[in-house]
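# What the coordinates show
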Amino acid sequence: MSSLAPHVSKHRGRGIGLVAWLVGIVFFFPIAWMALTSFHSEADAATNPPSFGAALTLDGYREFFGAGGGASPWPALANSAVASIVSTLFVLVLAFPAAYALSIRRVKKWTDVLFFFLSTKMLPVVAGLLPIYLFAKNTGMLDNIWFLVVLYTSMNLPIAVWMMQSFLAEVPVAVIEAAQIDGARLPTILARVVAPIALPGIAATSLICFIFSWNELLFARVLTGVVAETAPVFLTGFITSQGLFLAKVCAASLVVSLPVLAAGFAAQDKLVQGLSLGAVK
C-alpha cells in the first residue's frame, strides 16, 4: 500500500493541474474571442455562428481611434488615467498611516474602527448617487475630473485600509523598535522600515484600487459629460440607435483593458506575495 501512495499522489497532482488548465482556458476564452472579433470586419463579426476563418483587418481599431471621423478616445483615456492613478496615490498616502495605527501601534477599539470602515461599503452605490449628484451640481463640480478623483479616493479608502492593515500586521515589531532606538522618527520608520517590508502588500492594494477606479462606470456616467468623460463612459457611446458595431466595440474594449492587464502583469509577483502575505505561518 505504501508503494502505491506516491503514484496516487502523482496522478492526483496531474488531475488537479489538468483541472486548473481547463478552468484557466474557460476564463481566458471570452478574452480570446473578443480579441479575435476585434480583428474582423463588422459583417464577419455579426455572423451567427461566428466565422473563425474570416479575413483579419484593423478597421475596428482605426475607427476606434477616430480614423473614420468619429470622436477621439484619447481625452477619455487620459481622464481615466488621471482619475485612477491620482486617486490610487491619494488612497495609499491616507491608508498607509491609518493601517499602521490599526495594526502595529493599535489605537483603542481598533476592531470597531475597522468595522466602521467596512460598514461604509455596505451602502448600495445607487443609494448614494442622487445626493452626490446634487452636491456636485450645487458646488459646480459636475463634469470635473478632480471631483472623480476625490470620489474614487473615498470609495477605495476603506478596502485599502482593510487590506494594508492585514499586511502591516505581519511586519516584525522588533525591527520598528530597533529603528526607534537608533533615533528614527515616525515618518522615517514608515518610509524606510515599514514600507519596504510591506511592499508586496502595498503593490497589491494599489493594483486593486487602480482596477476599481479604472473600471468604475456608474458615477462617471452620471457626473461627467464631455470634459471629464472616462474610458468606460466613452465605450457606452458605441451602442447607438443604428445598432451595435461588434468589431468596433471589441477593439475598443481590448484597448481600454490593456492598461489594467499591463499593470497586473507588471506587478504579478508583488500581487501574489501581497495577497498570500500572512496566509502561511
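Since this is a predicted model, take the numbers as computed values, not measurements. For every chain, the first residue of the written sequence is number 1, and numbering continues from 1 onward in sequence order. The predicted origin of the model limits local features to residues at a pLDDT of at least 70 and limits the giving and counting of side-chain atom pairs to 80 or more, whereas totals for whole chains, interfaces and linings rest on all residues. Working from all heavy atoms in the structure, the side-chain values ignore hydrogens and water.

Of the regular secondary structure elements, the protein chain holds 14 helices and two strands. Per-residue burial for the protein chain yields a buried fraction of 34% across its 281 residues. By the convention used here, residues are in contact when the closest approach between their heavy atoms is within 4.5 Å. In the protein chain, the share of contacts with a sequence separation of at least 24, taken over all contacts with a separation of at least 6, comes to 75%. Shrake-Rupley sampling with a 1.4 Å probe provides the accessible areas, and residues are treated as covered by the protein chains on show and by no other component. As displayed, the protein chain offers around 16,500 Å² of accessible surface, 71% of which is attributable to carbon and sulfur atoms. Secondary structure follows DSSP: runs of H or I at least 4 residues long count as helices, runs of E at least 2 residues long count as strands, and numbering of each begins at the N terminus. Exposure is judged per residue with a 1.4 Å probe applied to protein chains only, and the accessible area is read against the type maximum: over 50% gives exposed, under 20% gives buried, and values in between give partly exposed.

Along the chain, Ala184 turns up in the loop between helix H8 (173–181) and helix H9 (186–197). Under the relative-accessibility criterion, Ala184 is labelled partly exposed at 25%. Aside from chain neighbours lying at most four places away, what touches Ala184 is Ala179 and Ile189.

Another point: the nonpolar core. Within the largest apolar cluster, 28 residues are counted, with the highest numbers of intra-cluster contacts made by Phe96, Tyr100, Ile104, Met164, Leu168, Ile176 and Val194. At the level of secondary structure, the elements contributing two or more residues to this core comprise helix H4 (74–103), helix H5 (110–119), helix H7 (145–168), H8, H9 and helix H10 (199–215). If one sorts the elements of this core by residue count, H4 sits on top with seven residues. When neighbours within four sequence positions are excluded, Ile104 is seen to be in contact with Ala99, Leu168, Val171, Ile176 and Val194. Throughout, nonpolar core names a set of buried Ala, Val, Leu, Ile, Met, Phe, Trp, Tyr and Cys residues whose side chains join them through atoms within 4.5 Å.

Bringing the packing of aromatic side chains into the picture now. For Phe, Tyr and Trp, rings pair up if their centres lie within 6.5 Å, where Trp contributes its six-membered ring, and each pair is then called stacked (planes under 30 degrees apart), edge-to-face (over 60) or tilted (otherwise). Summed over all chains, the structure comprises seven aromatic pairs. These aromatic residues form a ring-pair network of at least three members: Phe64, Phe65, Trp74 and Phe234.

In contact at an axis separation of 10 Å, H10 and helix H13 (residues 246–266) are set at 175° when each is read in the N-to-C sense. When the axes of H10 and H13 are compared, the pair comes out roughly antiparallel. Contacts between H10 and H13 involve Leu207, Phe210, Ile211, Trp214 and Asn215 on the former and, on the latter, Val256, Pro259, Val260, Ala263 and Gly264. Fitted lines through C-alpha atoms give the axes, limited to the stretch in contact for helices. The angle between two N-to-C directions lies from 0 to 180 degrees. By the definition adopted for this analysis, an angle is roughly parallel if under 35 degrees, roughly antiparallel if over 145, roughly perpendicular if from 65 to 115, and oblique otherwise.

What follows is about H4. In a regular helix each residue adds 1.5 Å, so 30 residues correspond to 44 Å; H4 covers 42 Å between its end C-alpha atoms and thus fits that length. We define the bend at any residue as the angle between the axes fitted to the seven residues before and including it, ending there, and the seven starting there. When the local axis directions of H4 are compared, the greatest deviation, roughly 25°, occurs at Ala95, which is followed within four positions by the proline Pro97. What a helix is expected to span follows from its residue count: subtract one and scale by 1.5 Å.

As for its placement among the helices and strands, Thr57 is situated in the loop between helix H2 (42–45) and helix H3 (59–64). Judged by relative accessible area, Thr57 falls into the buried class, the value being 18%. Within polar-contact distance, the side chain of Thr57 engages the side chain of Asp59 at 3.2 Å. The contacts of Thr57, once residues within four sequence positions are left out, are Ser38, Phe39, His40, Ser41 and Arg62. Within 3.5 Å is the distance limit for a polar contact, defined as a pair of N or O atoms, with the added protein rule that one can donate a hydrogen and the other accept it, and that residues adjacent in sequence qualify only through two side-chain atoms.

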